[in-house]
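Geometric and topological summary
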Amino acid sequence: MKRNLIRHVAGTVMIALVAGALLVGCDAKPAGDAQMKFINVEKVLVESGLVQQEQAHLKAVNENLHKGMQLAEKSYANLPADKVEVARQADKNVIAQQWKAQQNAARIVVMKALKTASDTYRSEKKIAVIMPMQAAVSVAPELDVTADLTQKLKTAKVDFGKVPEITLKTAEKPAVKTGSK
């Protein structure tokens, strides 16, 4: 009786295991339906025109920063000789910091445009992950979606915001009190 029960349970377990193994095989995807695709980020940015848009924006920023430095140079005429170099160096530091901040901000905007397009493409194509090509040692050509994303981004217009205007701060004169006590 015990042996029959053990054989019966063992037989049921074996049938369940075989059926489970067969069902797992039915759900397997063909090799071409990978859940991960790859892009060459640099190539997408250059060939889509996003880098050119970034460079045009940064050129306008650089021109305004240069004009701001020229404006500052004109203001040194009113300073005592011993303070001119200190003021010039302080202004150069401010301009350099602004330039670096504008470069970083522009790159963030460009990368956000790439991420948005990648997210949309990934959702449309039901892909789990899109990775940069630079993160892989070897990639099958059919997993490269660089051309697709480049094509999607060719019509994208990126908004970098307003080009900064440089103005000089002037020392405010103290208000003269008028009237009686």
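Our structure's up above, just so we're on the same page.
We now turn to the structure provided with this report. Note that the structure is a prediction, hence the values are computed from the model and not measured.

It is worth spelling out the side chain of threonine 146 at this point. With respect to the helices and strands, the residue threonine 146 is situated in helix α5 (residues 146-153). Threonine 146 gets classed as buried once you look at its relative accessible area, which sits at 4%. One polar contact links the side chain of threonine 146 to the main-chain amide nitrogen of asparagine 40, over a distance of 2.8 Å.

Let us now look at the packing of helix α2 (residues 41-48) against helix α3 (residues 50-75). The geometry of α2 relative to α3 is characterised by a closest axis approach of 4 Å and an angle of 65 degrees between their N-to-C directions. Put simply, α2 runs roughly perpendicular to α3. Of the residues in α3, those touching α2 at Leu45, Val46 and Ser48 are Leu50, Val51 and Gln52. Looking at side-chain class alone, the contact of α2 with α3 contains four nonpolar, two polar and no charged residues.

What follows covers the side chain of glutamate 54. Structurally, glutamate 54 is set in helix α3. Residue class for glutamate 54 comes out buried when judged on its relative accessible area of 5%. Engagement of the side chain of glutamate 54 in a polar contact is seen with the side chain of arginine 107, the distance being 2.6 Å. Residue contacts for glutamate 54: discarding those within four places in its chain leaves Gln103, Ala106, Arg107, Val110 and Phe160.

The rules behind these values
Residues numbered from 1 in each chain as written. Predicted model: local features only at pLDDT ≥ 70, side-chain atom pairs only at ≥ 80, totals over all residues. Heavy atoms only, no water. Helix = DSSP H or I, 4+ residues; strand = E, 2+ residues; numbered from the N terminus. Buried < 20%, exposed > 50% of the residue type's maximum accessible area, 1.4 Å probe, protein only. Polar contact = N/O pair within 3.5 Å; in protein donor to acceptor, adjacent residues only side chain to side chain. Axes fitted to C-alpha atoms, helices over the stretch in contact; angles between N-to-C directions. Parallel < 35°, antiparallel > 145°, perpendicular 65-115°, else oblique. Contact = heavy atoms within 4.5 Å. Nonpolar A, V, L, I, M, F, W, Y, C, P; charged D, E, K, R; others polar.

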